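# Tertiary structure, described
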Amino acid sequence: MLLSACLITKDEELTLARCLDSLKGVADEIIVVDTGSQDKTVEIARAYGAKVYFHEWDGDFATARNAALERASGEYVLVIDADEFLDSADKCHIRAKLLESRAEGYFVGIVNYMGTSARYQTSSPVQVLRIFKNGYRYSGSIHEQVLPAVIESGGRIETLNLRVHHLGYLHEFVVYKGKPARNMELLQRELDKDPDSLFHISNMMAECMRVQSYEEVVKLGKHGFEVFQKNPNHATHLLARLLKMLVVALSMTGETTEAIKYAERGENIFPYLPDIRMDHAHALIEVGRIDEALPILLYCRELGDVKNPLIDTVPGLGSFLAAAELGKAWLLLGDTFCATEWYLTSLQENVRQENIVWFLVNLLPLEHDSVRVRLYDICKQDSVCFAYFVQACAVQGVKDWHHWISQIPRGPLTETLIERLHWIEALTASKQSMDVYTKSNPCAEAQILLGLYYLEHGDTQAAQEWLANTDSRGQMILQWLSDGHTEVQIADVLMELMLLHARRLLTAWLPRAADKYTVLPTILASPLRDVLIEVEWVGEHGWECEFRANRAFQHGDITESVSWLEKAMEYPPSVRRVVIEADIALAHGNVELARSVVEQGVMIFPSSELLKRIASQLEVRQRRVKQMDELLQWIEGDEGMNPHRAYQSSALTMPLQVKLVKLHERAVECVEQIRILSEQGEIMEARKYIQYVQDIITFLRSSTDCSTEAGKAADASYAFYYKMLVKWYLQPRLIPEEMDSMRSFWESWIDTWKSVTPKV
């Protein structure tokens, strides 16, 4: 007998038949050890010809596994769970492979299904030892392992091209089986015995993540990382898994700065894993450091999706998901051209993404028939995507949208959306009979829509009557109305507000919304994006200050616009801010300042299509490389540019190495002037010195021999501090905290050149 399939079961009637079906033609025998089923598990197993045995559950999975292995007769054993099934395409070659290679054990790819049965995503196949020669035994009361025993034997282990699909992480099965509570109890026993086991720590973190106990995940993760630091040579896949969960949990608990620190550590240890980089980018975007997130997301795409991972990893982190995140990042920055390109790239790489359909419908020129038909055809391939497509078209007012409602397949994920669209269709046809329509179609969604409709039009009493008898969202809205200081969770009704074009409600509720940054991309892409300019933002974030500056500019109040722009400069730069400042400069007739601002913006965002177009319109040219003598000599009428002019008359006749020393000394002087002026709030004057130091760096880089390693290192250091100056230009708040680094950089070069310069 070649192969025995071994299972342990308890109340598995929902999934067991599919599992056993998949074993047909593969296993010579099926061994089922049941640990106390109260449903039809045993009857189903016997109906498939399985040999059924009983084992009293003692809280130890290894003992139960081994009870099944002891009854197996095959030369090889396949261990499989009742909520798993073999891939129908892959299983055909299993027996031939076993007969051919005769390895001691085989890794197979476990494909984990996450989400709900109605809408799930799958992990990349995680490599786990599941087929091995008969005679080995498991150890560990939970997440039991047999791999150590096979490795200890010295036998050969190979990878089998076999996917095993695992349904146990789907929400319905997690709830039905009550797995987290059971697993956490067993894991705690193991941790009590061995509190420094990264294996058990990471498994406990995973269970805590499932129940959203993020504080506990953080506590466990930090302890686990301390364990690793005591023995840093053991950077196994367990540490990668731990760091991935720790970064996410820190972000969820609001400790974003800590999340970024651990993500950076994780990237250094696991440089080829896109998962941690993606979480790093998410954390940076969350705190508005989007310019820093862009290269990380691009590098995720360079890495690509992980092949044969040893931890759960979501497909797409190195491809379409990174592209979608780039679309979101550019949208937040204010460049819809780049956002559209990345969202399109993401959809082309995976059409089953309902979350990006909204952005493409709103950003693409759907007034062109060819574009509209193409997007329609793509979305039609997936029922949920198509439903989201029709909804976005309804908000956008795309022709024929109401004809497409009947084409949406009904299901758990589309039912409410269809009801919503029918209500909006009825509203479009007749605004006078919505009470009658809603009474004849009494569903919670219709009542929410009617309540919001009345609120938007100022009839609070009618709104309260409809909202009082609906679901929890109705009660939530009533709470917003009764207490003007209550935080708003606007995402819960955002799409209803979009469909109603409820500008008044959005303007009133957005400042109070705890999730305003979460919904910002959706609004930015929508026909209601101009609402963001009219909202009375308090200026808690850079983008709020930018919208206030834009609003003041549009109203002709340049003074207030500049005031808000200066507040925005306290935050990381954006394309939107560069455009606003350029507009203000042009309004003052200062074309050179506008060019300078756009030039600096392009340096920070070299891929920005919007800034490239503006630069072209303003005829921004690459700055001329000034020569050393030009940089050293005094410029008439520029009395403030060089406080120490004593050596100017003789500078042009100095030896080259002496000139280099003087040039670096001048850079130090300029850096000091930048500090003084920034402290005085003289940002425009400080910018003159910033650009002057940039000119010095540009010359030095043009004169550096990058064919040597030393030259490459010098060029890289100059490039780093040039970019720092660009950030100073657009975000002066950084000057005090980075001043010491900048000054030390120039002083170190002065010392270097002095050491090789002859006395003059």
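Residues numbered from 1 in each chain as written. Predicted model: local features only at pLDDT ≥ 70, side-chain atom pairs only at ≥ 80, totals over all residues. Heavy atoms only, no water.

### Notes on unusual backbone geometry
Among all residues save glycine, negative phi is the norm, and among peptide bonds the norm is trans. Of note in this structure, Gln212 is not a glycine but carries a positive phi near 60 degrees. Mapped onto the fold, Gln212 is located in the loop between α8 (198-210) and α9 (214-230). Gln212 gets classed as exposed once you look at its relative accessible area, which sits at 56%. With a phi close to 50 degrees, His501 is a non-glycine residue in the positive phi region. Following the sequence through the fold, His501 ends up in the loop between α24 (494-499) and α25 (503-509). Accessibility expressed as a relative area gives 32% for His501, which makes it partly exposed. (Helix = DSSP H or I, 4+ residues; strand = E, 2+ residues; numbered from the N terminus. Buried < 20%, exposed > 50% of the residue type's maximum accessible area, 1.4 Å probe, protein only.)

### Let's talk about the environment of Ala502
As for its placement among the helices and strands, Ala502 is situated in the loop between α24 and α25. For Ala502, a relative accessible area of 0% puts it in the buried group.

### Thoughts on the packing of helix α13 (residues 290-303) against helix α14 (residues 320-333)
Between α13 and α14, the least distance of the axes is 9 Å, while the angle of their chain directions is 160 degrees. Accordingly, the angle class assigned to the pair α13 and α14 is roughly antiparallel. Our pair here, α13 against α14, has a crossing hand that is left-handed. Two secondary-structure elements touch here, α13 through Ile290, Leu294, Leu297, Leu298, Cys300 and Arg301 and α14 through Phe320, Ala322, Ala323, Glu325, Leu326, Ala329, Trp330, Leu332 and Leu333. Here the residues of the contact of α13 with α14 are counted per class, giving 13 nonpolar, no polar and two charged. (Axes fitted to C-alpha atoms, helices over the stretch in contact; angles between N-to-C directions. Parallel < 35°, antiparallel > 145°, perpendicular 65-115°, else oblique. Left-handed = near helix turned anticlockwise from the far one by under 90°. Contact = heavy atoms within 4.5 Å. Nonpolar A, V, L, I, M, F, W, Y, C, P; charged D, E, K, R; others polar.)

### Focus on the pairing of strand β9 (residues 157-166)
In summary, the side chains of a regular strand alternate between the two faces of the sheet. As paired strands, strand β5 (residues 84-86) and β9 are joined by three bridges and run antiparallel to one another. By the bridge assignment for β9, Glu84 is matched with His166. Relative to β9, strand β6 (residues 105-115) runs parallel, the two sharing seven bridges. The residue bridging Tyr106 from the neighbouring strand is Glu158, located in β9. (Pairing = 2+ DSSP bridges.)

### Focus: the state of the cysteines
What the rule picks out here adds up to zero disulfides. The closest cysteine sulfur to the non-disulfide-bonded Cys6 is located on Cys19, 12 Å from its own sulfur. A disulfide-free cysteine, Cys393 has its sulfur positioned 8.0 Å from the sulfur of Cys379, the nearest such atom. (Disulfide = S-S within 2.5 Å.)

### Details of the pairing of strand β8 (residues 126-133)
Counting buried residues in β8 gives six out of eight residues, a clear majority hidden from the surface. Bridge count for strand β4 (residues 76-79) against β8 is three bridges, and the pairing is antiparallel. Paired with Leu78 across the bridge in β8 is Ile131. Bridge count for β6 against β8 is six bridges, and the pairing is antiparallel. Pairing of Tyr106 across the sheet is with Ile131, part of β8.

### Focus: the confidence of the model for the protein
The predicted coordinates of low-pLDDT regions are not to be read in fine detail. On average, residues of the protein score 91 in pLDDT, and 96% of them are at 70 or above. Segment residues 639-651: pLDDT under 50, and 30 contacts once partners within four positions in sequence are set aside and those in other chains are kept. (pLDDT = per-residue confidence, 0-100.)

### Re the pattern of salt bridges
By the definition in use, this model includes 58 salt bridges. Its salt-bridge partner being Asp369, residue Arg372 comes within 2.5 Å of it at the nearest N-O pair. Here Arg372 and its partner Asp369 are both found in helix α17 (residues 369-379), three residues apart, which amounts to about one turn of the helix. Two residues, Glu536 and Arg551, come together in a salt bridge whose shortest N-O distance is 2.8 Å. A residue pair is termed long-range when its members are at least 10 positions apart, and Glu536 in the loop between α27 (531-534) and α28 (542-554) and Arg551 in helix α28 qualify at 15 residues. By relative accessible area, Glu536 is classed as partly exposed at 45%. You can call Arg551 buried: its relative accessible area is 16%. (Salt bridge = Lys/Arg side-chain N within 4 Å of Asp/Glu carboxyl O.)

### Looking at the packing of α9 against helix α11 (residues 256-269)
At a closest axis distance of 13 Å, the pairing of α9 and α11 adopts a crossing angle of 35 degrees. Two packed elements cross with a definite hand, and for α9 against α11 that hand is left-handed. For the pair formed by α9 and α11, the contact residues are Lys222, Phe225 and Phe228 on the first element and Glu258, Tyr262, Arg265 and Ile269 on the second. Counted by class, the contact of α9 with α11 contains four nonpolar, no polar and three charged residues.

### Observations regarding the packing of aromatic side chains
All chains considered together, the criterion is met by 26 aromatic pairs. A ring pair is formed by Tyr376 and Phe386, whose centres lie 5.4 Å apart and whose planes are at 85 degrees; its orientation type is edge-to-face. With a gap of ten residues between them, Tyr376 in helix α17 and Phe386 in helix α18 (residues 383-396) connect regions that are remote in the sequence. For the pair Tyr376 and Phe386, one class covers both residues: buried. Taken together through their ring pairs, the aromatic side chains of Tyr718, Phe720, Tyr721, Phe745, Trp746 and Trp749 make up a single cluster. The ring of Tyr729 has Arg687 sitting right over it, with the charged end atom 4.0 Å from the ring centre. (Phe/Tyr/Trp six-rings, centres within 6.5 Å; stacked < 30°, edge-to-face > 60°. Lys NZ or Arg CZ within 6 Å of the ring centre and 35° of its normal.)

### A look at the nonpolar core
Of all hydrophobic cores here, the largest spans 215 residues; its most connected members are Phe389 and Trp746. Setting aside residues up to four positions removed in sequence, Phe389 forms contacts with Val357, Val361, Arg372, Leu375, Tyr376, Cys379 and Trp404. Membership of the second largest hydrophobic core comes to 32 residues, among which are Ala5, Tyr76, Leu78 and Ile94. (Core = buried A, V, L, I, M, F, W, Y, C linked by side-chain atoms within 4.5 Å.)

### Quick notes on helix α32 (residues 609-617)
It helps to recall that an α-helix has 3.6 residues per turn; residues three or four apart then point in one direction. Listed as buried for α32 are Leu610, Leu611, Ile614 and Ala615. For α32, the angular spread of the buried residues around the axis is 135 degrees, confining them to a single face. In α32, the exposed positions that point more than 90 degrees away from the buried face belong to Ser616 and Gln617. Residues of α32 that are buried in the fold lie against α15 (336-349), α30 (575-587) and α31 (591-604). Phi for Glu619, located one or two positions after α32, is positive at around 60 degrees. (Arc of directions from axis to C-beta.)

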